[in-house]
Amino acid sequence: MSEDKKLEKLVSLCKQRGFIFQSSEIYGGLKSAYDFGPLGVELKRNIAAEWWRKMVHEREDIVGLDASIFMHPQVWRTSGHVSNFSDPLVDCLNCKERFRADKAPQVTAGEEVSYHKGGKAKGELLSGKVSDRGYVCPVCGSPELSKERQFNLMFRTSIGPVDPLQSFIDEIEGKAISSQELRAKLEEARNASTIYLRPETAQGIFAQYLNVQQSLSMKVPFGIAQQGKSFRNEIITEKFIFRTCEFEQMEMEYFVEPGTEIDWLQKWLDTRMEWWRGYCNYPENFRTRQHEEDELAHYTNCSFDVEYLYPWGWDELEGVASRTDYDLTKHAEASGVKLSYFDQQKKDPESGKTGWRYTPYVIEPAAGLTRGVLVYLLDAFTEEVSNDEQGNQKKRTLLKLHPRLAPFKAAILPLVKKDGLPEAARDISAKFLSQGIHTRYDEQHSIGKRYARHDEIGTPYCLTIDHQTLEDQTITLRDRDTTKQDRIPVDQAVAMVKARIES
Ligand code: GAP
């Protein structure tokens, strides 16, 4: 299966089987906005729950937070997002494509390139020299481009019973003013009530650092973890749910003593790699990559990406950054609130006296949850070709999802819809549900079709209730990956499935 086809097939399976739908599809859809269907929401919640289990519940040094999406606009000025969180935007003067300069195909400055007029295959063949910028339009290959302009990725809206446009109209009505003044007045009216949709969950953590540290008496090193929606007005949304304007993150800020940050960075990089690989089939498709000097964001002195081998090549899945004391220092300066930590036992390295007050350094593993859904779906998507007894080729599509991530842990299947089998199956189903094990009772279509359906949605086990069940209280347990079937006692079914899921 070609890698291009793989993504196409996965997108189609996601729609057909209820994982991911195009947003507002009945109205023609909203570009690059997606809804998680009944199975998608389970998969996403299971990934999030595993992250929370490993990052918060199984550790003493990390606690959780659920900060609001709206924050004081000063947060984003202080963090640098208002002035720095932008992408270089360029318009192609030939085909009108709008694109990110930093993602455009690189071509040596001065090189002569040819392209079709208007970007149309039958358009006149033109040629031109690549400017000093060293790139061309990613769609038509033309070097005829507009100037680069910085485009801020934060979504702005307004809060409170103020209509910024009305304030603006009241302000300018009847006045003859220049377009420059007009713009300034518009900005002024807008800024009075501007509020941003958060572009990362991290700043909510920094703003609450002191409350969390003091309320739970956290001792450095410690972390604050958060999951939630983030919003970025991406110039290019692409590749299914890989890059969308609304997405979910799982971020953790780990506060450490100055001077220990690089050791912690390595520890967290290893921990996060181990976590991603713990639920996959192909660990070799995950790797780490250190950022080059010129890629480093303004707040970091050393950063890595956890990358995955997507159908289009290696690309980012999670960032693990050493954020220094940048955020706490900036927020302390801007708010006037001391965001430091006092260690009673440690000697102050400058004075030599016992008791050291310092601003903690921060290590940040920042993962994309929705991107994680895509990665685990790609990792699990499998097509198997085998021969049946007559020697005919048959194809089986399955999602080899880790049992902890699978939407349903088991399917409960009466062989036929009569002879008391549905009643017996419903009894077994009730036992699973009462234990909080998410299973699916399913009696539609032939048993073969039901196995195929559950293979496609990643259900690790199928339990079939047949006539023998009524005689000897046994059922068959079929394994999704091997298709092997074992006969097991009904009263051990819950315990056996539970043990396999949790192993
Ligand atoms: N607090 C640091 C931060 O937000 P980031 O590298 O910009 O760092 C972290 O984002 C992760 O969030 C990325 O590695 C990616 O998985 C996910 N992410 C970022 N932008 C995204 C988008 N537009 N769509 C989907 N996921 C995105």
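What you see is a predicted model, and the numbers here were worked out from it, not measured in a lab.

A closer look at the layout of surface pockets
- Of the pockets and cavities examined, the largest pocket occupies roughly 1,500 Å³.
- As for the largest pocket, its lining consists of 48 residues, of which Phe-85, Arg-232, His-291, Tyr-299 and Glu-316 are closest to the centre.
- Elements with a contribution of two residues or more to the lining of the largest pocket: helix H4 (81–84), strand S4 (86–91), strand S12 (246–256), strand S14 (302–310), strand S15 (313–324), strand S18 (361–368) and helix H11 (369–380).
- With eight residues, the single largest contributor to the lining of the largest pocket is S15.
- Residue composition of the lining of the largest pocket, grouped by class: 16 nonpolar, twelve polar and 20 charged.

Thoughts on the side chain of Thr-464
- Within the secondary structure layout, Thr-464 lies in strand S23 (residues 461–465).
- Among the residues examined, Thr-464 registers a relative accessible area of 3% and is labelled buried.
- Within the local environment of Thr-464, its side chain forms a polar contact with the side chain of Tyr-451, the two groups lying 2.8 Å apart.
- Apart from residues no more than four positions distant in its own chain, Thr-464 is found in contact with Leu-413, Leu-415, Ile-447, Tyr-451, Thr-469, Ile-475 and Thr-476.

Focus on the pattern of salt bridges
- Under the criterion given, the structure shown has 35 salt bridges.
- Here Asp-327 ties to Arg-323 by a salt bridge, and the two come within 2.9 Å at their closest N and O atoms. No difference in accessibility class separates Asp-327 from Arg-323, as the two residues are buried.
- Through salt bridges with shared partners, one network takes in Glu-50, Arg-53, Lys-54, Glu-58 and Arg-404.

Describing the site of the ligand
- Neighbouring residues of the ligand: 20 residues in total, closest Glu-200, Glu-234, Glu-251, Glu-316 and Leu-317.
- Glu-234 is positioned such that a nitrogen or oxygen atom in its side chain is 2.7 Å from a nitrogen atom of the ligand.
- With respect to the ligand, the side chain of Glu-364 contributes an N or O atom lying 3.0 Å from a nitrogen atom.
- Here the ligand is seated within the largest pocket.
- Elements with a contribution of two residues or more to the shell around the ligand: S12, S15 and S18.
- Broken down by element, the residue count for the shell around the ligand peaks at five residues, all from S15.
- The residue makeup of the shell around the ligand, split by class, is six nonpolar, four polar and ten charged.

Details of the packing of helix H2 (residues 38–57) against helix H9 (residues 261–277)
- Two elements in contact, H2 and H9, have axes whose closest approach is 12 Å; the angle formed by their N-to-C orientations is 140°. When the axes of H2 and H9 are compared, the pair comes out oblique. Along this stretch, H2 crosses H9, giving a crossing that reads as right-handed. Along the contact surface, H2 presents Ile-47, Glu-50, Trp-51, Lys-54 and Met-55, while H9 presents Trp-268, Arg-272 and Trp-275.
- In terms of residue class, the contact of H2 with H9 is made up of five nonpolar, no polar and three charged.

Points about the sheet that holds S14
- In spatial order, the strands read S3-S11-S12-S18-S15-S14-S13; together these seven strands make up an open sheet with mixed pairing. Taken across any chain shown, the strands that pair with only one partner, and hence form the sheet edges, are strand S3 (62–64) and strand S13 (286–290). The average undirected angle you get between the axes of adjacent strands in this sheet is 25°.
- Sheet analysis places S13 next to S14, joined by five bridges and oriented antiparallel. Along S14, the bridge assignment pairs Arg-287 with Glu-307.

Things to note about the pairing of strand S25 (residues 485–489)
- The pairing of strand S24 (residues 474–479) with S25 spans five bridges and is antiparallel. In the sheet register, Arg-478 faces S25, and the bridge partner there is Gln-485.
- Connecting S24 to the next strand, S25, in antiparallel fashion are five residues, including Thr-483 with a positive phi near 60°.

Observations concerning the side chain of Asp-466
- One can find Asp-466 in the loop between S23 and helix H14 (467–472).
- Residue classification places Asp-466 among the buried positions, given a relative accessible area of 14%.
- Setting aside anything within four residues of it in sequence, one finds Asp-466 in contact with Leu-415, Leu-421 and Arg-487.

A word on the packing of aromatic side chains
- This structure, assessed with the given rule, holds 20 aromatic pairs.
- Here Trp-51 and Trp-52 contribute two aromatic rings whose centre-to-centre distance is 6.2 Å and whose plane-to-plane angle is 45°, an arrangement assigned as tilted.
- When its relative accessible area of 22% is taken as the criterion, Trp-52 is described as partly exposed.
- Arranged with centres 4.9 Å apart and planes meeting at 80°, the rings of Trp-275 and Trp-276 form a pair that is edge-to-face.

What counts and how
- Residues numbered from 1 in each chain as written.
- Predicted model: local features only at pLDDT ≥ 70, side-chain atom pairs only at ≥ 80, totals over all residues.
- Heavy atoms only, no water.
- 1 Å grid on protein atoms, 1.4 Å probe; cavity = no way out; pocket = protein on both sides within 12 Å on 5 of 7 lines; lining within 4 Å.
- Points joined across faces, edges and corners; volume = space filled by probe spheres on them.
- Helix = DSSP H or I, 4+ residues; strand = E, 2+ residues; numbered from the N terminus.
- Nonpolar A, V, L, I, M, F, W, Y, C, P; charged D, E, K, R; others polar.
- Buried < 20%, exposed > 50% of the residue type's maximum accessible area, 1.4 Å probe, protein only.
- Polar contact = N/O pair within 3.5 Å; in protein donor to acceptor, adjacent residues only side chain to side chain.
- Contact = heavy atoms within 4.5 Å.
- Salt bridge = Lys/Arg side-chain N within 4 Å of Asp/Glu carboxyl O.
- Near = heavy atom within 4 Å.
- Sits in = over half its atoms within 2 Å of the grid points.
- Axes fitted to C-alpha atoms, helices over the stretch in contact; angles between N-to-C directions.
- Parallel < 35°, antiparallel > 145°, perpendicular 65-115°, else oblique.
- Left-handed = near helix turned anticlockwise from the far one by under 90°.
- Pairing = 2+ DSSP bridges.
- Phe/Tyr/Trp six-rings, centres within 6.5 Å; stacked < 30°, edge-to-face > 60°.

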